[in-house]
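Here is how the chains run, residue by residue.
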Amino acid sequence: MKRLLCYMKGYGKESVLGPLFKLLEASFELLVPLVMAAIIDTGVANGDRGYILRMGGVLLLLGFVGLAASITAQYFSAKAAVGFAGRLRHALFEKVESLSFSQLDALGASTVITRMTSDINQVQTGVNLALRLLLRSPFIVFGAMVMAFTVDAKSALVFVGVIPLLALVVFGVMLWTIPQYRRVQAGLDGVLGKTRETLSGARVLRAFAREDAEIAAFEEKNAALTRMQRFVGRVSALMNPLTYALINLAVLVLLNTGALQVDAGHITQGELVALVNYMSQILVELIKLANLIITITRALASANRVAAVLDLPSGNAAMEEAQSAAPKPVPGAPAVAFEGVGLAYDNAGAESLSDISFRAEPGETIGVIGGTGAGKSSLVNLIPGFYAATRGHVRIFGTDVQDWPAAALRAAVGVVPQKAVLFKGTIGENLRWGCSDAPDGALWDALARAQAKDFVEQKEGGLEAPVEQNGRNFSGGQRQRLTIARALVRKPAILILDDSASALDYATDAKLRHAIRAMEGGPTVFLVSQRAASIRHADKIIVLDDGRIAGIGTHAQLLAGCPVYQEIYDSQFPREKHAGAPAGKEA
Amino acid sequence: MKGFDQTQRGTLRRVLGYIRPYAWLVALSLLLAALTVALTLYFPILTGDAIDCILAPGQVDFASVAKIAARMAVVVALTSLAQWLLSLCNNHIAYGTVRGLRDAAFAHIERLPLKYLDAHAHGELVSRVIADADQFSEGLLMGFTQLFTGVITILGTLAFMFSLNWQIALVVVLVTPVSLFVAAFIAKRTYAMFKLQSETRGEQTALIEEMAGNQKVVQAFGQERNLLGRFDEINERLSKASLRAIFFSSITNPATRFVNGLVYAAVGVAGAFSAIAGGITVGGLSCFLSYANQYTKPFNEISGVVTELQNALACAARVFELIDAPAETPDAPDAQTLSDVRGDVTLSHVDFSYDPARPLIENLSVAAKHGQRVAIVGPTGCGKTTLINLLMRFYDVDGGTIQVDGHDVRKLTRKSLRTSYGMVLQDTWLKAGTIRENIAMGRPDATQEEIVAAAKASHADAFIRRLPEGYDTYITEDGGMLSQGQKQLLCIARVMLCLPPMLILDEATSSIDTRTELKIQEAFARMMQGRTSFIVAHRLSTIREADVILVMKDGHIIEQGNHETLLAQGGFYAELYNSQFDPS
């Protein structure tokens, strides 16, 4: 929470004035029983109707001033809380934008969403209530006690005795139940999980005729939850009866001591009534305080979760640096060179890539193939610096990736990721992600190369056609082609297609490859694929197996000398006997 | 009850049905509530009486004070006990009812046709079973007790006040409704503000979701600043909307407190006048003052309770809607159990569509003989998966028949039909549990040796052994740390363990790399020996070994035959196959 206090800056005035006005209101409230005592002792005792009316006027005045003070307080606290939450959201959003890929992997998207929405809302409520009530409630409790002392010290001792007892009950019950409720929540999560599971697995569960077993398992979890709820309920239900008993027993004691004090002439009857009134004020406030503390505990937990994200170091340099130019290409250097590169992800024991070395000359097409988990995506993700190599060097046009300004590097490398993602907006807006000032002509050119021109033309509005969230109004294949077009718009020097044509049929896939090859300036292209057919015509094919290079060469060379490549190829083209494969393994 | 329309009344009746098992507890709860209220109201009278015995120096009736004090102690003890028992009753009823409702809802989900499950978002169904059921129990039962105690508190207070002094009571009755008006006025005014706040919040959440889910793309295209700008614009609007909503709604409390103050002042002045006239004692006045304090409270609560009750009924209605959804037509009473399956599957003149307006499968006839391998190919959306839905009887045909070994599947028990098929789907679903439990899903009594044998046959044994706790490794819902390919291997092992007489493989190896696939194919081939199998696959290499290849397009079978004959035909299949060898 301390970590977040800096976002309160600028709301210092509000966060002081809020509680201050609240205390003002509370002070007026504390005066009410005294006025009432005066009405009884002076007004009623002397039969002075004018005095009673005047005092009634004072009560009204206290009410009005209290209302004004309280509304002012509400305004200041709301302003401070909302302003604080707004800044916090901004800071968190900015932070998430500045995280590196490995940090994002560790965090996960759903975490980011809950932190930014429900957690921050929780913090906002907590701050608002804290400003309003955190001072007020204890102030009334102790204020009532102090006021009791001004009436009569001996009677006030009852307050001194009962307040700690009440606090013990209220906070004792609360401290016991909070962790228990967490267990109840876990039980509820279990019931929820079971429900979700039976829905997502309906086909499989029915195929295995597991319905009755599922029902039994659910009922067991549900019964356990109910037992837990009832158990916790029994204890938390103690709070109200116990506090009620304590307060009213205190009233009883107060009356007994009061009887002696009045008899001895130390206090009046009206003052005794005032003391009883102070006692009931305490109860209300203590319960409020207990609820407030629950809210604040929750808000603090949320605040800590938010702070944990804010505390992450910024791994995405593009957010930090000023716009800077790309380094001069080293003459004669390859477009991409890997020198003994190894990559180990955070928290992973073993390296995902080991001893990767190769060169890709400008304009070459490089195919990357291998089984699932062989490291294909990891390899190409090193080129735009999404992840940093843990060993060795990755050089782009002769300069180490680490020494490139991140923004310039990303402008030079166009990436089409595996998952075809589009954003809410129009087709044109999505394409201009690649290059914000590209003219329409350039967009159409990119669409044509990506084999997407036909269906975009058919869409009403063409480039202005709307794209729904996640591009769900396009088919998988259309989305893939649009994401390819988006990368082509930037006319990158290096283009990476990470298995991004998988939803295309073979013919379209082939046309796409031809069109990219024919681009002006001739980008260096990395083609990642599971399909041997998609990469067999590449200038160079890198065969990955379990994070290591199993072979580099042309299709013909690999077919002749790389057993892993032969196996992959055989598994997809079993009948076609490859010419010139002396030791082709039997499929 | 006023304010509830016809359907809500119907829902209310259903709700009462779920509460019926607790009828005695409900009665006890009402009794305890009445007792609590009466005792709570009695206490200020005792306090007043005691104060009246303590007038001035020398005028203190110690004997009476002691007597009253003793009575007060008893009242306090009784009140506390009644309060506690009341809470226990209510907890028992509320948690028990929600449990019954959830059990009923879950059991019904297992009986619902897949048509229903496919047509409803799962998150929404889950929220009916969890959140709506909770809202229902808390809102309805807590709301009901609050309403009940609220009403008797108000009535009891009125009765006590009028019996003490009707003039002052009248003052209280006249001033209190003001607080209700104030609260209602503010609530009406703030509704639009809260709506704007939640709309803006929704807009922002949508942006956050889009950004958080695809942050890598955002960074790859250097769009960070751009998005931050859009975010800030919404954030600014949200802050404004929130400030208005929060501030105006937070006026409610001070305003009602102010009205309470008014009541208090009015009672004070009126009471004091009456005391001078001798109509009331000082103790009576103090009693009135404490009534004035607690009289307004139930009013504020009740105004909230009505909305809460409406909301609870709406939630209950959503749960009932789920429970009332028509279940799968039960197995016919004379349904036979499919046993000793040979595996002759015949589809004759089958018509089927998910949406009557868009016909999908029309007049489809296929005959698969014992032990044949039937491959189904065709572009996406051609009806391949639908065919599986029909074979497994996840959906029933609209016209025509499907027969297994000459029995119409509608005359067989679903259980015996479904367990006769071994099914591996592209969607690799695993349940939360250990690896062992997952493999043994179809045969929970399988021995360790059998499980390991099945895992070995599906090439899953090697990676399972590398897991931290081997076969006892707990996997979270839907696989968690396992890769897509590993999950698929487990799904295959799951079927290998049961070895049912017929097989359905829907893109069963789509996530497995081709080398591993090659190895699994051997195991599949062994498994398919003597078993009728239906295979859906993208990779034509998997398909060409099939005895019969069905080429589907738009719900029709456009070509049928084996690999060689279809290639020779030079039709759609040939075109599809040759595109793999695109000579670029």
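Conventions used here
Residues numbered from 1 in each chain as written. Chains lettered and ligands numbered in written order. Predicted model: local features only at pLDDT ≥ 70, side-chain atom pairs only at ≥ 80, totals over all residues. Helix = DSSP H or I, 4+ residues; strand = E, 2+ residues; numbered from the N terminus. Rg over C-alpha atoms; globule rule 2.2 N^0.38 Å. Buried ≥ 20, exposed ≤ 12 C-beta atoms within 10 Å, placed from the backbone. Contact = placed C-beta atoms within 7 Å. pLDDT = per-residue confidence, 0-100. Domains from an automatic or database assignment. Core = buried A, V, L, I, M, F, W, Y, C linked by C-beta atoms within 7 Å. Nonpolar A, V, L, I, M, F, W, Y, C, P; charged D, E, K, R; others polar. Pairing = 2+ DSSP bridges. Axes fitted to C-alpha atoms, helices over the stretch in contact; angles between N-to-C directions. Parallel < 35°, antiparallel > 145°, perpendicular 65-115°, else oblique. Left-handed = near helix turned anticlockwise from the far one by under 90°. Expected span 1.5 Å × (residues − 1).

Q: Looking at this structure, how should I read the overall build of chain A?
A: Each helix and strand counted, chain A has 20 helices and 12 strands in total. By the compact-globule yardstick of 25 Å for 587 residues, chain A is too spread out, its C-alpha radius of gyration being 36 Å. Seen along its three principal axes, the alpha-carbon backbone of chain A occupies a region of about 120 × 60 × 50 Å. The proportion of buried residues among the 587 residues of chain A is 47%. Considering only residue pairs separated by 6 or more positions, chain A has 76% of its internal contacts joining residues 24 or more positions apart.

Q: Teacher, can you tell me more about the overall build of chain B here?
A: Looking only at helices and strands, chain B has 21 helices and 12 strands in total. Taken over C-alpha atoms, the radius of gyration comes to 36 Å for chain B, far larger than the 25 Å a tight globule of 584 residues would show. Relative to its 584 residues, chain B shows a buried fraction of 43%. For chain B, the share of sequence-separated contacts (at least 6 apart) that also reach a separation of at least 24 residues comes to 79%.

Q: What should I look at first to understand the confidence of the model for chain A in this one?
A: Low pLDDT means the predicted coordinates in that region are not meant to be read closely. Residue and element names in this part refer to chain A. Considering every residue of chain A, the mean pLDDT works out to 85; 94% of them sit at 70 or more. The element-level mean pLDDT for chain A is lowest in helix α3 (residues 101–107), coming to 79, with helix α2 (residues 49–97) highest at 93. Contacts from residues 576–587, a stretch scored under 50 in pLDDT, to residues over four places away or in other chains number 17 contacts.

Q: Please clarify how the domain arrangement of chain B should be interpreted in this entry.
A: For interface size, the figure often reported is the accessible area lost on association. In terms of domains, chain B is made up of domain 1 (7–165 + 280–324) and domain 2 (345–581). The C-alpha-based centres of domain 1 of chain B and domain 2 of chain B are spaced at 56 Å.

Q: Explain the nonpolar core to me, please; I cannot follow it from the model alone.
A: In summary, soluble globular proteins display a tendency toward joint burial of nonpolar side chains. V368(A), A485(A), I496(A), L497(A) and V543(A) are the most contacted members of the largest nonpolar core, which totals 122 residues. Examining the composition of this core, we find that 14 residues originate from one element, α2(A), more than from any other. Setting aside anything within four residues of it in sequence, one finds A485(A) in contact with L431(A), A446(A), L447(A), A450(A) and A452(A). L255(A), I267(A), L262(B) and Y291(B) belong to the second-largest nonpolar core, a separate cluster that totals 85 residues.

Q: Would you mind going over unusual backbone geometry with me for this structure?
A: What is expected of a backbone is that most residues other than glycine have negative phi and most peptide bonds are trans. If you check the backbone angles, D355(A) has positive phi at about 50° while not being a glycine. Mapped onto the secondary structure, D355(A) falls in strand β2 (residues 353–360).

Q: In this structure, what is going on with the interface of chain B and chain A? I would like to understand it.
A: The interface is formed by 117 residues belonging to chain B together with 126 residues belonging to chain A. Broken down by element, the residue count for the side of chain B that touches chain A peaks at 23 residues, all from helix α3 (residues 62–111) of chain B. Here the residues of the side of chain B that touches chain A are counted per class, giving 63 nonpolar, 36 polar and 18 charged.

Q: Any chance you could explain the sheet that holds β2(A) here in plain terms?
A: Strand pairing within a sheet occurs via backbone hydrogen bonds; the two strands may be parallel or antiparallel. All names here are of chain A. Pairing is antiparallel across the open sheet formed by 4 strands, whose spatial order is β2-β1-β4-β5. Strand pairing shows two members of the sheet lacking a second neighbour, β2 and β5 (399–400), which therefore form its edges. Across 5 bridges, strand β1 (residues 336–343) lies against strand β4 (residues 391–396) in antiparallel orientation. Pairing of A337 across the sheet is with R395, part of β4.

Q: How should I be thinking about the packing of helix α1 (residues 12–46) of chain A against helix α10 (residues 252–276) of chain B in this particular structure?
A: In a pair of packed helices, the angle between the axes and the distance between the axes together describe the arrangement. Two elements in contact, α1(A) and α10(B), have axes separated by 10 Å at closest approach and are oriented at 25°. Looking at the two axes, α1(A) sits roughly parallel to α10(B). The two elements α1(A) and α10(B) meet at a crossing, and its hand is right-handed. Contacts between α1(A) and α10(B) pair M36(A), I39(A), G43(A) and V44(A) from the former with G268(B), A272(B), A275(B) and I276(B) from the latter. Grouping the amino acids of the contact of α1(A) with α10(B) by side-chain chemistry returns 6 nonpolar, 2 polar and no charged.

Q: So what exactly am I meant to see when it comes to the environment of L425(B) here?
A: Considering the arrangement of structural elements, one finds L425(B) in the loop between β6 (421–424) and β7 (433–434). Along the backbone, L425(B) and L347(B) are 78 residues apart, and their C-alpha atoms lie at a distance of 21 Å. In this structure L425(B) touches R203(A) and D506(B), once residues within four positions along its chain are discounted.

Q: Is there a simple way to explain the confidence of the model for chain B in this structure?
A: The share of residues in chain B with pLDDT of 70 or more is 93%, and the mean pLDDT across the chain is 84. Here the complex is predicted with pTM 0.74, and the ipTM for its interfaces comes to 0.82.

Q: Sorry if this is basic, but what is going on with the pairing of strand β11 (residues 548–553) of chain B here?
A: Consecutive side chains of a regular strand alternate in pointing toward one face of the sheet and then the other. All names here are of chain B. Judged from the 4 bridges that link them, strand β3 (residues 373–377) and β11 form a sheet pairing that is parallel. Opposite I376, over in β11, you have L550 as the bridge partner. Taken together, the 5 bridges between β11 and strand β12 (residues 556–561) define a ladder with antiparallel strand orientation. Each bridged residue has a counterpart across the sheet, and for M552 the counterpart in β12 is I557. The antiparallel pairing of β11 with β12 creates a hairpin that spans 2 residues between the two strands, and D554 there sits at a positive phi of about 50°.

Q: Quick question: what am I supposed to make of the sheet that holds β11(B) here?
A: All names here are of chain B. With mixed pairing, the 6 strands of this open sheet are ordered in space as β6-β9-β10-β3-β11-β12. In the strand order of this sheet, the two ends are held by β6 and β12, each with one partner. Across the sheet, the axes of successive neighbouring strands diverge by a mean angle of 15°, strand direction being ignored. Relative to strand β9 (residues 502–506), β6 is paired through 4 bridges, and the arrangement is parallel. Counterpart to G422 in the pairing with β9 is L503. Running over the sheet, helix α12 (residues 384–391) touches β3, β6, β9, β10 (532–536) and β11 and is turned about 150° from β9.

Q: Quick question: what am I supposed to make of the environment of F524(B) here?
A: Residue and element names in this part refer to chain B. The topology assignment puts F524 in helix α18 (residues 514–528). The exposure class assigned to F524 is buried, which follows from the 26 C-beta atoms found within 10 Å. For the pair F524 and E138, spaced 386 residues apart in sequence, the C-alpha to C-alpha distance is 53 Å.

Q: Mind showing me how you'd approach the domain arrangement of chain A here?
A: Taken domain by domain, chain A consists of domain 1 (153–266) and domain 2 (336–553). The distance between the C-alpha centroids of domain 1 of chain A and domain 2 of chain A comes to 57 Å.

Q: Looking at this structure, how should I read α10(B)?
A: Because an α-helix packs 3.6 residues into every turn, residues spaced three or four apart end up facing the same way. For α10(B), spanning 25 residues, the distance from its first C-alpha to its last is 36 Å, which sits close to the expected 36 Å at 1.5 Å a residue. Among the residues trailing α10(B), G278(B) stands out with phi positive, at a value near 85°.

Q: It is not clear to me how the environment of D355(A) should be interpreted in this structure. Could you clarify?
A: All names here are of chain A. Judged by the 14 C-beta atoms lying within 10 Å of it, D355 is partly exposed. Sequence spacing of D355 and I549 is 194 residues, and the spatial spacing of their C-alpha atoms is 7.8 Å. In this view, D355 contacts G340, G342 and R548; residues no more than four positions away in its chain are not counted.

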